[in-house]
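What the coordinates show
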Amino acid sequence: MKELEKLFIRIAQRVNINLRELGFNVKPYIWDLIPATQMNKFYAFYGITPNLPLHLQFRNSGLAGSYFLGKCRITDSLLYKTDVRGDELKKKGDIFYCQNFKIPISRDEEIVIEDSVLVKTLVHNFSHDPETPERFFIKDTVATHYANIHGAPTEGCFMGPFSTVDQTTIHDSIIGTFSYVQAGEISHLDIEPGTVWIRSPGVFNFLYRYPQDKLSTYIYFAPGIQPQGLFIDFVKDRQEAFQRVFELVNLEQPIPVPNTATLDRYAVVKPKTEIGENVLVSQRAYLQNAILGKGANAQENCYIINASLEGNNVTAHGAKIIEADMGQNVFVGFNSFLRGRPESRLKIGKDCIIMPHTIIDTRKPLAVPSGHIVWGLVTCPEELECNSISISAMSKITSKLTKGNLLFEGDGAQFVSAFQHRIQHILEANGAFYNGKDKKGPKGHAQKHQNMSFNTIQPYPKGKLEGLYPTIMIQP
Amino acid sequence: MDKYLVKDLMVPISEYATVSEGSTLLEAVLALEKAQEIFDHTQYLHRAILILDKNQKVIGKVSQLDTLRALEPKNEHLDKIEDISRYGFSQKFIMSLKEQNRLHNIPLGEMCVAAADLTVETLMQAPTEGEFIDENATVNSAIHQLVQGSHMSLLVTREKDIVGILRSSDVFAAVFHSMKACKLA
């Protein structure tokens with residue numbers, strides 16, 4: 001048995017031990033997800049920029065097609081086409097505010113991945129756990145296709161395809177396919193597929209659960225099979241375009257990019273795309289006939305096709321916007337799927353909040369009025385009515401709201417305020433408000449990621465260690 | 001008080017409400033009513049029906065709460081409401097959802113009629129290890145066992161047989177009597 005296989009078996013066992021209380025066996029879910037033959041096919045790579053600390057350490061791990069930025073340590077793990085983006089980690093001397101604590105950061109924060117399998121997963125942001133402010137850990141965890149681990153230390157977890165854990169510490173839990181969890185800290189929970197759960201204890205609690213029969217059309221995952229459904233087909237149909245950007249060493253910039261914006265060289269750009277000032281297009285983003293107005297962004301695994309974003313739009317990790325027109329300041333949450341049709345476009349009015357993991361899939365023209373919050377599954381005007389509310393109406397909720405599959409308890413105004421505050425922070429972090437002319441306003445990723453260099457590293461091509469990378473330490 | 005044993009306070013099984021397995025809830029309730037009419041030693045009513053197998057061995061107990069539980073609506077929607085407690089919603093919120101759900105259910109009168117035909121096996125609770133006590137045990141031990149397990153009654157044994165039931169109401173009455181005698185003597 002080769003070392004790669006031994007490592008895989010060992011990780012599966014560790015995850016199973018953590019999830020034994022839930023009676024979960026991870027092995028049938030992941031055994032065929034990444035065939036060993038794929039692990040030596042793709043190089044891994046890392047970014048170099050003067051704006052971030054460089055400290056990478058890889059030990060006894062497979063890293064095929066994965067990307068690293070900042071301070072990361074990977075040990076005894078298998079990463080496949082995974083992005084570990086450490087550009088928002090805390091720095092030595094920062095102050096981390098959490099509840100009533102003001103926590104001084106004594107050393108640069110580090111992403112630590114141990115004994116884990118991550119498949120096409122995005123790791124980003126920083127640890128929101130006040131107990132480990134300098135260590136964003138991912139341990140004994142399996143995350144499958146297009147999962148997002150965003151500021152969420154995890155230990156002993158299984159994450160289904162297109163699931164997201166956001167600013168939450170997760171212990172010994174199962175996060176079902178296409179589920180989104182932002183709840184501070186959870187342990188020993190089995191979150192069923194299609195659950196969108198946002199909780200601030202004592203302030204608000206938002207829970208939406210997708211109808212399982214309808215969700216399975218979009219994404220379905222079971223033991224022994226690859227993830228299936230429209231989401232997977234959609235991504236596969238565009239996979240070939242990414243092969244070109246990953247295979248070529250020197251790529252011409254495909255379109256003009258303002259000097260206050262960043263278009264990552266590992267993004268795919270198809271014709272008729274325009275990028276405005278302060279725009280951030282991250283790697284593995286896909287743009288086709290897309291107009292991104294000033295301060296808009298398209299983060300990792302986003303697809304923007306035949307669509308326009310008027311400006312200051314957040315398109316969070318994994319979101320897809322097709323045949324749609326988005327007004328100013330529209331926020332589209334993680335892994336959302338918004339699809340109009342050429343003859344019946346989708347219009348989202350300004351200042352709307354499209355909640356994480358929302359599916360709007362319409363065959364008739366559909367317009368979301370300005371200043372609305374939308375969640376869940378929307379395929380027609382009736383479902384939009386059921387799964388949306390104006391921001392002003394939400395702000396007036398003082399105790400509870402039940403609407404369709406949505407259960408909300410708590411203070412609506414605080415819920416709205418928390419979201420708006422976060423959207424503002426994301427725009428700022430991405431450099432949307434930078435004033436290029438007189439070089440004022442905070443620089444963000446759109447400005448700091450310009451002129452980044454990329455180095456590649458390779459695994460053992462043959463032999464007992466085939467597919468694994470040698471121990472490598474990269475420092476300034 | 002200290003000289004009392006469990007057997008001094010228990011209700012003999014022959015005087016308690018019992019039905020055979022396979023009986024309906026209505027038959028059980030009628031048995032309870034009949035037993036109560038015959039047994040008029042105290043002001044305290046029997047609160048449960050014992051279920052006997054074909055060998056006259058106790059296999060379970062249907063309490064008043066078990067009977068009321070049979071009237072609770074059961075549907076997929078209610079299961080989902082129960083499930084949300086793990087997502088950190090308050091009891092007040094969950095109760096309000098249950099109340100909303102209840103309004104859509106069949107009237108209580110119709111549910112009573114339906115519940116009357118349920119067999120006792122579907123409602124009964126099998127006795128757990130802590131619900132048995134020897135007839136020669138002290139009342140002090142019985143009190144400890146009732147309190148620790150939050151039981152309303154204990155099954156009293158003589159070797160392998162169940163010979164009676166020790167009700168918390170009878171223990172309470174004995175304690176109350178002793179308290180009064182000591183303090184007011």
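Residues numbered from 1 in each chain as written. Chains lettered and ligands numbered in written order. Predicted model: local features only at pLDDT ≥ 70, side-chain atom pairs only at ≥ 80, totals over all residues.

Here we come to the overall build of chain B. Within chain B one finds eight helices and seven strands. Along the first, second and third principal axes, the C-alpha set of chain B runs to 55 × 40 × 30 Å. The buried share of chain B, reckoned over its 185 residues, is 22%. Sequence separation of 24 or more characterises 63% of the internal contacts of chain B that already satisfy a separation of 6 or more. (Helix = DSSP H or I, 4+ residues; strand = E, 2+ residues; numbered from the N terminus. Buried ≥ 20, exposed ≤ 12 C-beta atoms within 10 Å, placed from the backbone. Contact = placed C-beta atoms within 7 Å.)

Looking now at the packing of helix α7 (residues 139-149) of chain B against helix α8 (residues 168-184) of chain B. All names here are of chain B. The geometry of α7 relative to α8 is characterised by a closest axis approach of 11 Å and an angle of 125 degrees between their N-to-C directions. Relative to α8, the element α7 lies oblique. Between α7 and α8 the crossing geometry is left-handed. Packed against α7, whose contacting residues are Val139, Ala142, Ile143 and Leu146, the element α8 presents Ser168, Val171 and Ala174 at the interface. Here the residues of the contact of α7 with α8 are counted per class, giving six nonpolar, one polar and no charged. (Axes fitted to C-alpha atoms, helices over the stretch in contact; angles between N-to-C directions. Parallel < 35°, antiparallel > 145°, perpendicular 65-115°, else oblique. Left-handed = near helix turned anticlockwise from the far one by under 90°. Nonpolar A, V, L, I, M, F, W, Y, C, P; charged D, E, K, R; others polar.)

Okay, the domain arrangement of chain A next. Quoted interface sizes are often the accessible area lost when the parts come together. All names here are of chain A. Per the domain assignment, the segments of chain A are domain 1 (3-216 + 452-474) and domain 2 (238-388 + 395-448). Each of domain 1 and domain 2 was reduced to a C-alpha centroid, and the two centroids are 23 Å apart. Across the contact, 27 residues belong to domain 1 and 27 residues belong to domain 2. Sorting the residues of the side of domain 1 that touches domain 2 by element identifies β11 (122-124), β13 (148-150), β15 (164-166), β21 (195-200) and β22 (204-209) as the ones contributing at least two each. Tallying contributions element by element places β22 first for the side of domain 1 that touches domain 2, with six residues. Classifying every residue of the side of domain 1 that touches domain 2 by side-chain character gives 13 nonpolar, eight polar and six charged. (Domains from an automatic or database assignment.)

Looking now at the pairing of strand β9 (residues 110-114) of chain A. Residues and elements named next belong to chain A. When you tally the buried positions in β9, you get four out of five residues, the bulk of the element. For strand β4 (residues 71-75) and β9, the ladder comprises four bridges, and the chain directions are parallel. Paired with cysteine 72 across the two strands is isoleucine 111, which belongs to β9. For β9 and strand β12 (residues 135-143), the ladder comprises five bridges, and the chain directions are parallel. In the strand pairing of β12, isoleucine 113 is matched with isoleucine 138. (Pairing = 2+ DSSP bridges.)

With domains assigned, chain B is organised as domain 1 (6-68 + 118-184) and domain 2 (72-106). Between the C-alpha centres of domain 1 of chain B and domain 2 of chain B there is a distance of 33 Å.

Another aspect to go through is the sheet that holds strand β1 (residues 11-12) of chain B. All names here are of chain B. Read across the sheet, four strands follow the order β1-β7-β6-β5 without closing on themselves; strand pairing throughout is mixed. The open sheet has two edge strands, β1 and β5 (132-134), and neither has a second partner. The strands touched by α8 are β6 (153-158) and β7 (161-167); relative to β7, the strand with the most contacts, the crossing angle is about 55 degrees.

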